[in-house]
Amino acid sequence: MEYIIIIISAVLVNNIVLAQFLGVCPFMGVSNKVSTAVGMSGAVTFVMVLAAIVTYLIYTLILEKLGIVFMQTITYILIIASLVQMVEIVLKKISQPLYQALGIFLPLITTNCAVLGVAILVIKKEFNLIEGVVYSAATALGFGLALIILAGIREQLELADIPKGVKGAPVALIVAGILALAFMGFTGIV
Amino acid sequence: MNQLQNFTKGFFRENPLLVLVLGLCPALATTTSAINGLGMGIATTFVLLGSNTVVSLISKMVPDKVRIPSFIVIIASFVTIVDLLMNAYVPELYEKLGIFIPLIVVNCIVLGRAEAFASKNNLTTAFLDGLGMGLGFTMALGILGAFREIAGSGAIFNYKFINGDGILVFVLAPGAFIALGYLIAFINRIRKT
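Rules behind the numbers
- Residues numbered from 1 in each chain as written.
- Chains lettered and ligands numbered in written order.
- Predicted model: local features only at pLDDT ≥ 70, side-chain atom pairs only at ≥ 80, totals over all residues.
- Helix = DSSP H or I, 4+ residues; strand = E, 2+ residues; numbered from the N terminus.
- Rg over C-alpha atoms; globule rule 2.2 N^0.38 Å.
- Buried ≥ 20, exposed ≤ 12 C-beta atoms within 10 Å, placed from the backbone.
- Contact = placed C-beta atoms within 7 Å.
- Core = buried A, V, L, I, M, F, W, Y, C linked by C-beta atoms within 7 Å.
- Axes fitted to C-alpha atoms, helices over the stretch in contact; angles between N-to-C directions.
- Left-handed = near helix turned anticlockwise from the far one by under 90°.
- pLDDT = per-residue confidence, 0-100.
- Expected span 1.5 Å × (residues − 1).
- Bend = angle between axes of the 7 residues up to and from the residue.
- Parallel < 35°, antiparallel > 145°, perpendicular 65-115°, else oblique.
- Nonpolar A, V, L, I, M, F, W, Y, C, P; charged D, E, K, R; others polar.

Helix and strand counts for chain A stand at 9 helices and 0 strands. For chain A, the α and β elements follow one another from N to C terminus as α-α-α-α-α-α-α-α-α. Taking 16 Å as the expected radius of gyration for a compact globule of 190 residues, we find that chain A reaches 17 Å, a close match to that expectation. The proportion of buried residues among the 190 residues of chain A is 43%. Pairs at least 24 apart in sequence give 79% of the contacts found in chain A among residues at least 6 apart.

On to the overall build of chain B, then. Of regular secondary structure, chain B possesses 8 helices and 2 strands. Ordered by position from the N terminus, the helices and strands of chain B form the series α-α-α-α-α-α-α-β-β-α. For chain B, the C-alpha radius of gyration of 17 Å lies close to 16 Å, the compact-globule estimate for 193 residues. Based on the C-alpha atoms only, the size of chain B along its principal axes is roughly 60 × 45 × 25 Å. Counting contacts in chain B only where the partners sit at least 6 residues apart, residues at least 24 apart contribute 74% of the total.

A word on the interface of chain A and chain B. The interface is formed by 30 residues belonging to chain A together with 33 residues belonging to chain B. Listing elements by their share of the side of chain A that touches chain B, those giving two or more residues are α2 (24-29), α4 (72-94), α7 (113-124) and α9 (169-183) of chain A. Counting residues per element, the side of chain A that touches chain B draws most heavily on α9(A), which supplies 8 residues.

Another point: the nonpolar core. Grouped together as the largest cluster of nonpolar side chains are 116 residues, with contacts concentrated most on Met48(A), Val115(A), Leu116(A), Cys25(B), Leu28(B) and Ile75(B). Residue contributions to this core peak at 11 residues, all from helix α3 (residues 34-66) of chain A. In this structure Leu28(B) touches Phe21(A), Val24(A), Ala176(B), Phe177(B) and Leu180(B), once residues within four positions along its chain are discounted.

Our focus in this paragraph is the packing of helix α3 (residues 34-58) of chain B against helix α4 (residues 67-89) of chain B. Residues and elements named next belong to chain B. Interhelical geometry of α3 versus α4 gives an angle of 145 degrees and a closest axis separation of 9 Å. Classified by chirality, the crossing of α4 by α3 is right-handed. Across from Ala43, Phe46, Val47, Gly50, Ser51, Val54 and Val55 in α3, the residues of α4 making contact are Phe71, Ile74, Ile75, Phe78, Val79, Val82 and Met86.

On to the confidence of the model for chain A, then. With 99% of its residues at a pLDDT of 70 or more, chain A shows a mean pLDDT of 87. Ranking the elements of chain A by mean pLDDT puts helix α6 (residues 106-109) of chain A last, at 76, and helix α8 (residues 129-157) of chain A first, at 92.

All names here are of chain B. Along the polypeptide, Val90 turns up in the loop between α4 and α5 (91-97). Of the residues examined, Val90 has 14 C-beta atoms within 10 Å and is grouped as partly exposed. In the structure, Val90 is positioned 47 residues away from Phe137 in sequence and 21 Å away in space, judged by C-alpha atoms.

As a further point, take α3(A). Because the α-helix completes a turn every 3.6 residues, residues three or four places apart line up on one side. All names here are of chain A. Across its 33 residues, α3 extends 46 Å between first and last C-alpha, which sits within 8% of the 48 Å expected from 1.5 Å per residue. For α3, the principal kink sits at Tyr59 and spans about 40 degrees. Once α3 ends, the next one or two residues include Gly67, with phi positive near 70 degrees.

Residue and element names in this part refer to chain A. Contact geometry of α4 with α7 gives a least axis separation of 10 Å together with a crossing angle of 130 degrees. The angle between the axes of α4 and α7 places the two elements in the oblique class. When the axes of α4 and α7 are compared, the crossing they make is right-handed. Residue-level inspection shows Tyr76, Ile77 and Ile80 of α4 in contact with α7, the latter providing Val115, Leu116, Ala119 and Ile120. Within the contact of α4 with α7, the residues separate by chemical class into 7 nonpolar, no polar and no charged.

Our focus in this paragraph is unusual backbone geometry. Residue and element names in this part refer to chain A. For Phe21, which is not glycine, the phi torsion reads 55 degrees and is therefore positive. Among the structural elements, Phe21 can be located in the loop between α1 (2-13) and α2. Here Phe21 falls in the buried class, since 26 other C-beta atoms lie within 10 Å of it.

Rendered as structure tokens:
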């Protein structure tokens, strides 16, 4: 039951992009087409869960033990950067089709603040390892959901007649705002 | 390009937020009031100044292959400094900005300037570029924060000058997206004419 609450809260109520403003850059950057949005969500889910596990272990087993918690930011960003590199190398070796699908998104993920943000939030919310994994997977799912919905809307917007100044980033932001307004309807269900 | 142009380009012509559309996460999350927006902008400016300076000093010594990781470590060190300083001296603001202080590490503006500008230019140019870009970002956050505070609660810098409740949505998450969308649209409009 506890896990279900974490999942609903992370996917719908406190959606990572629309309510917490993490990962807005890729949210705007790769939401032009549904197919790329799906690929990006897959890659983010993979890296986010992996990063949450590794950073959690490093934090509790090394940083806390040695009393150097202030090194958190530096350690985490290095872990995430090397993790992304490693995932890229492993994927290239074992699964060519998966690499083809996710490959181009992987380098972008290092600077996706959602990944680092979730790793920090898992510690901040004092989750244990299993809760952390559930939380990060659910957050990634929420990211994917928001990204794919926005991509679907933006594909339709291509056909619409939009005033010149609003074209591109502004209209995407306004649509995202209306989407966030819709997601606010979920407030209070958990 | 002379040094003055180099310094001022961050304000309008190449404003990182309003023209290049970078650094969206902190811009949306921390601009619930003018003071929060300015605080976030100043923290980012400090990191940008530090990383631009150090990167331009050491860029010739760093081998090309480990360029990005070493830039990230430099940036992360400055972010940690800001994090600890703010925690010590402005705890209230630190509480409000919360997770977005450590997240300056992944702000695309900071790494973007280090990689695209500071590593290829000398110290003074890189320093002025960092200062201009940082202040441009601070200005954009201040404008967005002030707009959201006035529209959302009828106040500016916590000084209430409009009686009544204001349009609550501008303080909440959706208002951030919508306000920034229209702000960028407005800037686009003036730039084109």
